[in-house]
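What follows is the residue order along each chain.
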Amino acid sequence: MQVYADQAATTKISERALQAMMPCYTDIFGNPSSLHEVGRAAEEAVEKARKSIASAIGAEAGEVYFTSGGSEADNWAITMAAQLGAKKGKKHLISSAFEHHAVLHTLDKLKKEGFEVTLLPVHEDGLVRPEELEAAIREDTALVTIMFVNNEVGTIQPIEKLGEICRQKGVLFHTDAVQAAGHLPIDVKEMKIDMLSMAGHKFHGPKGVGALFVRKGIAMSNLISGGGQEKGKRAGTENVPAIVGMAEALRESLENREEKNAAVLKMRKRLTEAVLQIPKSRLNGDPDQRIAGNMNFCFEGIEGESLLLYLDLQGICASSGSACTSGSLEPSHVLLALGVPVEIAHGSLRISLDESNTEEEVDYILQTLPGVVKRLREMSPMWEHIQKGEV
């Protein structure tokens, strides 16, 4: 049996999204910038998709810009806000300690350009405290960027409260909603969000396409020069099939969303309760304030990489954290930000499910995982010391 339990890394494209894309490779194949009929048909497809995505997050069509994915959208938003702030003498940026590296590395780059960065703590529960954000905002703060849902531990941040604080303080607020879009209700106006990033492949759309919402009135900087696409802000011929597929996938993901989440939550709770019966195991992040399908565990005395390999041999696809850092031997910066000791953080496992998973697959995980953990601990020279309390 094969179980795909790595939905937070990427999802399989839905049949509806795939079928929506196919005419863009055959009949609607024109360049959207062309003035002839074939080009106009492609442009209409792009604009219909833009309107659909905007509607899904409570935005206007003119506030949505297509990108190559979430990382590009994050980079664009943060760099844009920093440039706007610098023009007003504001060079202070605020984020959290467990953001995706698309955010953290962009902030590191800006630090080298003279910006000051404050990273808020996320505590053991993996949540940003609104009062700590409010205390951190200064007269020279240009931007606050806090992710909607953490990609490794799945905790949902109090976005509406954070947005309200930023709006009251007159500070731009950006959220990386890559793990939230398609899974949680989002209304950029009600939540006081100024900029928002998303990626199509996280909700059964195609890879290589994303979107950035930028509130009307924000003076945008060009990301790519060379053409008039995306209102002249991001040159390059639009990826029409991917854009259309992303819009259809988002529309589909929001249909019966509450029923889907309820089914996924039922599986998560059953799996979590059983896994925590394994000795010296722990769930990382708040047990309730998290997205329906995300579970992040640590098992003392084993290495996460070995655990993943053994599970893969049994047909279970999972991860130890973000797929973007899977080649790193360092423990997860997310878990370290939660205060997980380094030696325990090395033994992490992220299991992420969605509505495409089944109760039978959960059964198989529960039949397999305890035995794999037991076998790896029997091979570990550290496990005996841990049991004796010597480590």
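Relevant structure appears above.
Residues numbered from 1 in each chain as written. Predicted model: local features only at pLDDT ≥ 70, side-chain atom pairs only at ≥ 80, totals over all residues. Heavy atoms only, no water.

> Sorry, what's going on with a nonpolar patch on the surface here?
A surface patch of nonpolar side chains, about 280 Å² in accessible area, is lined by Leu18, Met22 and Tyr25. Structurally, the position occupied by tyrosine 25 is in helix H2 (residues 23-26). (Patch = residues over 30% accessible without salt bridge, like charges linked within 9 Å, V, L, I, M, F, W, Y side chains within 5 Å. Areas by Shrake-Rupley, 256 points an atom, 1.4 Å probe, with all protein chains shown as cover. Salt bridge = Lys/Arg side-chain N within 4 Å of Asp/Glu carboxyl O. Helix = DSSP H or I, 4+ residues; strand = E, 2+ residues; numbered from the N terminus.)

> What is the right way to read the pairing of strand E10 (residues 294-299) from this model?
Each regular strand shows side chains that alternate between the opposite faces of the sheet. For E10, the buried fraction is high: 6 of the 6 residues fall into the buried class. Residue alternation in E10 divides its side chains into two sets, Asn294, Asn296 and Cys298 and Met295, Phe297 and Phe299, and both sets are buried. Relative to E10, strand E9 (residues 281-283) runs antiparallel, the two sharing 3 bridges. In the sheet register, arginine 282 faces E10, and the bridge partner there is cysteine 298. Both E10 and strand E12 (residues 348-352) contribute to a ladder of 5 bridges, which runs antiparallel. Note that in E12 the partner of methionine 295 across the bridge is isoleucine 351. (Buried < 20%, exposed > 50% of the residue type's maximum accessible area, 1.4 Å probe, protein only. Pairing = 2+ DSSP bridges.)

> Hey, could you run me through the sheet that holds strand E4 (residues 116-120) in this one?
Within a sheet, neighbouring strands are paired by backbone hydrogen bonds and run either parallel or antiparallel to one another. Taking strand neighbours across the sheet as the criterion, the 7 strands line up as E2-E8-E7-E6-E5-E3-E4 in an open arrangement whose pairing is mixed. The sheet is open, and its two edges are formed by strand E2 (64-67) and E4, each paired on a single side. Strand-to-strand twist across the sheet, computed as the mean angle between neighbouring axes with direction ignored, equals 20°. One ladder, built from 5 bridges, connects strand E3 (residues 92-96) with E4; its direction is parallel. (Axes fitted to C-alpha atoms, helices over the stretch in contact; angles between N-to-C directions.)

> Help me understand unusual backbone geometry, please; the structure alone is not making it clear to me.
If a residue is not glycine, its phi is most likely negative; likewise, a peptide bond is most likely trans. With a phi close to 65°, histidine 123 is a non-glycine residue in the positive phi region. Summarising the element assignment, histidine 123 is placed in the loop between E4 and helix H6 (130-136). One non-glycine residue with positive phi stands out, namely glutamate 230, at about 50°. Relative to the helices and strands, glutamate 230 resides in the loop between strand E8 (210-214) and helix H8 (240-254). We classify glutamate 230 as buried; its relative accessible area is 5%.

> How should I be thinking about the environment of arginine 50 in this particular structure?
Counting through the fold element by element, arginine 50 comes out in helix H3 (residues 37-56). Using a relative accessible area of 8% as the deciding quantity, one classes arginine 50 as buried. Along the chain, arginine 50 and isoleucine 243 lie 193 residues apart, while their C-alpha atoms are 8.1 Å from each other.

> Before we go on, may I ask you to explain H3 in this structure?
Given 3.6 residues per helical turn, the α-helix brings residues three or four places apart onto the same face. The first and last C-alpha atoms of H3 sit 29 Å apart over 20 residues, in line with the 28 Å expected at 1.5 Å per residue. Taken residue by residue, H3 has Gly39, Ala42, Ala45, Val46, Ala49, Arg50, Ser52, Ile53 and Ala54 as its buried positions. Against the buried residues of H3 lie E2, strand E7 (195-199) and H8. Phi for glycine 58, located one or two positions after H3, is positive at around 75°. (Expected span 1.5 Å × (residues − 1). Contact = heavy atoms within 4.5 Å.)

> Help me understand the packing of aromatic side chains in this model?
Each aromatic ring pair is characterised by the separation of its centres together with the angle its planes make. Under the definition given, this model contains 2 aromatic pairs. Ring centres of tyrosine 65 and tryptophan 76 lie 6.0 Å apart, and the angle between their planes is 75°; this geometry places the pair in the edge-to-face category. With a gap of 11 residues between them, tyrosine 65 in strand E2 and tryptophan 76 in helix H4 (residues 70-87) connect regions that are remote in the sequence. We classify tyrosine 65 as buried; its relative accessible area is 8%. The exposure class of tryptophan 76 is buried, given its relative accessible area of 2%. Taking 6.2 Å as the distance between ring centres and 40° as the angle between the ring planes, the aromatic pair formed by phenylalanine 297 and phenylalanine 299 counts as tilted. On the accessibility criterion, phenylalanine 297 (0% relative accessible area) is buried. On the basis of relative accessibility, which here comes to 0%, the residue phenylalanine 299 falls in the buried class. Over the ring of phenylalanine 115 we find lysine 91; its NZ or CZ atom is 4.7 Å from the centre of that ring. (Phe/Tyr/Trp six-rings, centres within 6.5 Å; stacked < 30°, edge-to-face > 60°. Lys NZ or Arg CZ within 6 Å of the ring centre and 35° of its normal.)

> Explain the packing of helix H9 (residues 257-275) against helix H13 (residues 359-379) to me, please; I cannot follow it from the model alone.
What describes two packed helices is the angle between their axes and the distance between those same axes. Direction vectors running N to C along H9 and H13 enclose 10°, while the axes themselves pass 10 Å from each other. Judged by the angle between their axes, H9 and H13 are roughly parallel. Judged by residue contacts, Lys266, Met267, Arg270, Leu271, Ala274 and Val275 of H9 engage Glu359, Val362, Asp363, Ile365, Leu366 and Leu369 from H13. Its residues assigned to classes, the contact of H9 with H13 shows 8 nonpolar, no polar and 4 charged. (Parallel < 35°, antiparallel > 145°, perpendicular 65-115°, else oblique. Nonpolar A, V, L, I, M, F, W, Y, C, P; charged D, E, K, R; others polar.)

> I would appreciate a short explanation of the pairing of E7 in the present structure.
For E7, the tally of buried residues reaches 5 of 5 residues, placing the bulk of the element in the interior. Burial along E7 is two-sided: the face carrying Met195, Ser197 and Ala199 and the face carrying Leu196 and Met198 are both buried. For strand E6 (residues 172-176) and E7, the ladder comprises 3 bridges, and the chain directions are parallel. Across the sheet, residue threonine 175 finds its bridge partner in E7, namely leucine 196. Examined bridge by bridge, E7 and E8 share 5 bridges and lie antiparallel to one another. When the bridges of E8 are listed, methionine 195 appears paired with valine 214.

> Just to check I follow, could you spell out the sheet that holds E10 for this structure?
The strand order across the open sheet formed by 3 strands is E9-E10-E12, and the pairing between neighbours is antiparallel. Each edge of the open sheet is held by one strand with a lone partner, namely E9 and E12. Between one strand axis and the next, the sheet turns by 25° as a mean value, whatever way the strands run. Each of E9, E10 and E12 is contacted by H9, which is oriented at about 5° to E10, the strand it contacts most.

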